[in-house]
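# Breakdown of the fold
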Amino acid sequence: MTPNKKVTHCIILILIYAFASLSCSDDDGDSTDWMDVSRSNTYSGSGSNVFLVETEGNVHLTYTLDLGSFMKNVYFIFTNTAFVNAPSSAVVHNLLADQYSHQSSSDNLHRSATRSSVHAHQPVAQRGKREITEFNHRPILTIASRSSKAQYSLRPTPLRLDYEGSTTSFYDESGLKIDATCRKVISKNSTNGIPVTVNIWVADNCWKTTCQKKYCVTQDMVNALANKFIQEGLNNDIYEWATAIFGVEWESMANQKYSNLISDTDEITILLFDIENDNSPTGGIVGFFYSRDNFFKESSDPILKFSNERLMFYLDAVMFANGGTPWNITNKWPSEIVSTLAHEFQHMIHFYQKTVLRTNGQPSETWIDELCSLVTEDILAYYMQVDGPRGVNYSTATAGNPYNQNGRLPEYNYYNDISLIEWYNSTPNYAIAYAFGAYLARNFGGARLLREIVQNSYTNYRAIEYALAQGGYSTDFATALRQWAAANLISDSTTNSSGYQYNKGDWFTSSLSGIEYKLGSINLYNYVYGLRTGPYVYTQIPVEPQPKISNLYYLAGTNKTGKLIFKIDLPKEIKLTVVVK
Amino acid sequence: MKRFLKTLASLTLICLAIFINFSCDHKQYAGTISYSGNSPFHKLILTTDDGTQFELVGNLTKDLISHQYTRIVIVGKEIAPFKGPGFPAQIEIIKVISMSK
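Residues numbered from 1 in each chain as written. Chains lettered and ligands numbered in written order. Predicted model: local features only at pLDDT ≥ 70, side-chain atom pairs only at ≥ 80, totals over all residues. Heavy atoms only, no water.

### Looking at the packing of aromatic side chains
Per the stated rule, a full pass over the model turns up 46 aromatic pairs over all chains. A centroid spacing of 5.1 Å and a plane angle of 20° characterise the contact between W241 of chain A and Y383 of chain A, whose relative ring orientation is stacked. In this pair, W241 of chain A sits in helix α6 (residues 238-246) while Y383 of chain A sits in helix α10 (residues 366-384), placing the two residues 142 residues apart along the sequence. Seen in terms of ring centroids, Y258 of chain A and F82 of chain B are 6.4 Å apart; in terms of plane orientation they differ by 55°. Their pairing is tilted. Within this pair, whereas Y258 of chain A is found in the loop between α7 (252-257) and β11 (267-273), its partner F82 of chain B is found in the loop between β4 (71-80) and β5 (89-99), the two belonging to separate chains. Exposure remark for Y258 of chain A: the relative accessible area of 10% places this residue in the buried category. By way of ring pairs, the aromatic residues F83, W367, Y412, F436, Y439, F444, Y461, Y473, F477, W484 and Y502 of chain A together with Y69 of chain B are connected into one cluster. The cationic tip of K332 of chain A hangs over the ring face of W333 of chain A; the distance from NZ or CZ to the ring centre is 4.7 Å. The aromatic ring of Y382 of chain A is capped on one face by K518 of chain A, whose charged end is 5.2 Å from the ring centroid. (Phe/Tyr/Trp six-rings, centres within 6.5 Å; stacked < 30°, edge-to-face > 60°. Helix = DSSP H or I, 4+ residues; strand = E, 2+ residues; numbered from the N terminus. Buried < 20%, exposed > 50% of the residue type's maximum accessible area, 1.4 Å probe, protein only. Lys NZ or Arg CZ within 6 Å of the ring centre and 35° of its normal.)

Rendered as structure tokens:
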């Protein structure tokens, strides 16, 4: 090689290296640089104050809070608004006291263990199965090549021959056959003129005359259940209250879009059987909806070969029949079943209105679908006459009484710092999804917000942002998380401004399709979990990195007055909200 | 010469077998994982950069449960096509190449 060629090659190599170095950006744009910033707020002098402190990037924040002559408690809420775990937790230094408020790794409060214990939490009564791994690790069979779609389009949905006294076998969720008898058929024309028929089937081994269970279903129980879901008249049953919010559960459009979905039908089937065959009258799985049944049967498919080819959901017969002597649908477990009716019906509608119609077959993230179902139980509690996840009497508009151990909120208070969006199928996941949904519904339009969440094409947090925007709210998801957290801490007041309300001492009302929906007030300090009352607030920040999309509540000062100065190290994922009360 | 040709033929066959085994039905997939669908039938979903969704199945999924909303790169084999709404194509994970924190 001549000297000139050598030089040319060297120059080319240098240029390539230089270009590569300059064009390679930091991994994900992350910067490890920390900036010194200052922020300050002044207490207004009345009531509770909430300050959303705005920062960008990793910051060493000097935060000044002037309380004047007022003596107040000061709370910091750290919100991880990112979809990644923060690399470290926030660190708070109170400069006046010159003390660290960051917990050392050797000082292990019980809360450190609690974050991991969410995965192992044992639910009592649950909508849906508890074992994720069981579902995900089912043997996968090799599936024969798919038949052409034309085969499905020639198949109508099987004609229903449901009549009271008819018998058939259903497949349960794992493909086992359940022999059952139709115990009730009831029809009506709903408010929009669309006919609807509900067929209630009871597993033969759960029926009074042939029952092998601890509690057995009778005709009176079936009639009472039917009456809750559908009855003569307008706007007076779960079917109408739910469809008025979310839309109808099925239409011919389903089969037109996907030819292997069952054709239009106006029939809904409810199967009462002993879910998981556990013969448990006081816990376990209360009910479920399985979209498998919305498909035509396919013998070569390991899942679809067990389709019941119906719009249907499943409820636990033994729990339902455990209603006291004499049996009454208002007793605890029948009430759980009624609430579950509404919960599972939302899943059924959600599947059609979103997954079939709007998202090219992509389902919502689980926390969103469950949030919608839990708030459905909440918003229909008044009409269904069951207490619902709020845990307060359905007819009580106020936040109820202290020492309340009912509903979802006691557990939520204890686990209020877990990730909202990560799903481990434990009751704390349901609890936090409900708590966030309950906040959104009370602050951003109630029934209309729920409709907008379901009837859009987003399957993640954007479904909520879109719904907020449709309602005319400029609140984005991150801001909603922060405002929600503040609403937790000030829920003992009934005079908070919009956007921060869990509690106004009265109903939160919303109207849709001529129906007025009522949501009762919530005071999180009324709820007791074990020996703890109210929201869990740290006095020392855990050392573990803060989970994605989560809030952490920290008591920064008690009975403080004058000017407070804090130095806070905030990773870029974490935003600070200050609550003075 | 004969021996050389035999050896060459054997090596070629071996290389071809390896190539076929690892390239025909094993592919690399990259995207973010999350749980979707109503409980208890929620599925571990990989959403690729172009928005395509796959359900992840197999023994290695248990290692991913704690990494929801994490970007991962895997090698997998499609074992079932898209069935319809709520039932995306299934990928059996052969190997997890990387997981972002």
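Picking up after the structure, the text goes on.
### Some points on the interface of chain A and chain B
Interface size is often expressed as the accessible area that is lost when the parts come together. Contacts between the two partners involve 48 residues from chain A and, on the opposite side, 35 residues from chain B. Taken together, the two surfaces of chain A and chain B that pack against each other cover about 3400 Å², and 59% of this comes from carbon and sulfur. Counting every contact that joins chain A to chain B gives 1 salt bridge. A salt bridge links K83 of chain B to D301 of chain A, with the shortest nitrogen-to-oxygen separation between them at 2.8 Å. Where chain A touches chain B, the interface holds 15 residue pairs in polar contact (both at pLDDT 80 or more). Elements represented by at least two residues in the side of chain A that touches chain B include exactly α3 (132-136), β12 (284-289), α9 (332-356) and α10 of chain A. A breakdown of the residues in the side of chain A that touches chain B according to their chemical character gives 22 nonpolar, 15 polar and 11 charged. (Contact = heavy atoms within 4.5 Å. Buried area = accessible area lost by both parts, 1.4 Å probe. Salt bridge = Lys/Arg side-chain N within 4 Å of Asp/Glu carboxyl O. Polar contact = N/O pair within 3.5 Å; in protein donor to acceptor, adjacent residues only side chain to side chain. Nonpolar A, V, L, I, M, F, W, Y, C, P; charged D, E, K, R; others polar.)

### Quick word on the side chain of D293 of chain A
Residues and elements named next belong to chain A. Residue placement: D293 occurs in the loop between β12 and β13 (311-316). Among the residues examined, D293 registers a relative accessible area of 0% and is labelled buried. At 3.2 Å, the side chain of D293 and the side chain of R292 are in polar contact. Separated by 2.6 Å, the side chains of D293 and Y314 make a polar contact. When sequence neighbours within four positions are dropped, the list of residues in contact with D293 reads I262, F306, S307, N308, E309, R310, M312 and Y314.

### A look at the nonpolar core
Core analysis: the biggest nonpolar cluster contains 183 residues, and F76, F78, F229, W367 and F436 of chain A have the highest contact counts within it. With residues near it in sequence (within four places) discarded, F229 of chain A still touches V198, D237, I238, Y239, I268, I270, F313, L341 and F345 of chain A. (Core = buried A, V, L, I, M, F, W, Y, C linked by side-chain atoms within 4.5 Å.)

### Looking at α6 of chain A
All names here are of chain A. Counting buried residues along α6, 9 of its 9 residues qualify, which places the element largely inside the surrounding structure. Looking at α6, one finds that the buried residues are I238, Y239, E240, W241, A242, T243, A244, I245 and F246. Backbone geometry just after α6 places G247 at a positive phi near 105°.

### Topic: the sheet that holds β4 of chain B
Residue and element names in this part refer to chain B. Strand order in the closed barrel formed by 5 strands is β1-β2-β3-β5-β4, and the pairing between neighbours is mixed. The sheet shows a mean angle of 55° between the axes of neighbouring strands, taken without regard to direction. Examined bridge by bridge, strand β2 (residues 43-48) and strand β3 (residues 53-57) share 3 bridges and lie antiparallel to one another. Bridged to L46 within β3 is F54. (Pairing = 2+ DSSP bridges. Axes fitted to C-alpha atoms, helices over the stretch in contact; angles between N-to-C directions.)

### Comments concerning the pairing of β12 of chain A
Residues and elements named next belong to chain A. Judged by how many residues are buried, β12 sits mostly within the fold: 6 of 6 residues are covered. Note: β12 against β13, 3 bridges, orientation antiparallel. Across the sheet, F288 pairs through a bridge with Y314, a residue of β13.

### What about the pattern of salt bridges?
A side chain of one charge can pair with a side chain of the opposite charge when the charged atoms of the two come close. Residues and elements named next belong to chain A. If you walk through the whole model with that rule in mind, you get 13 salt bridges over all chains. Put simply, R292 and D293 hold a salt bridge, and the shortest N to O gap is 3.2 Å. According to the relative accessible area criterion, R292 is buried, its value standing at 1%. The shortest N-O distance in the salt bridge between K572 and E573 comes to 3.1 Å. Under the relative-accessibility criterion, K572 is labelled partly exposed at 29%. A cluster of three or more residues bridged by salt bridges with shared partners is formed by K188, D237 and E240.

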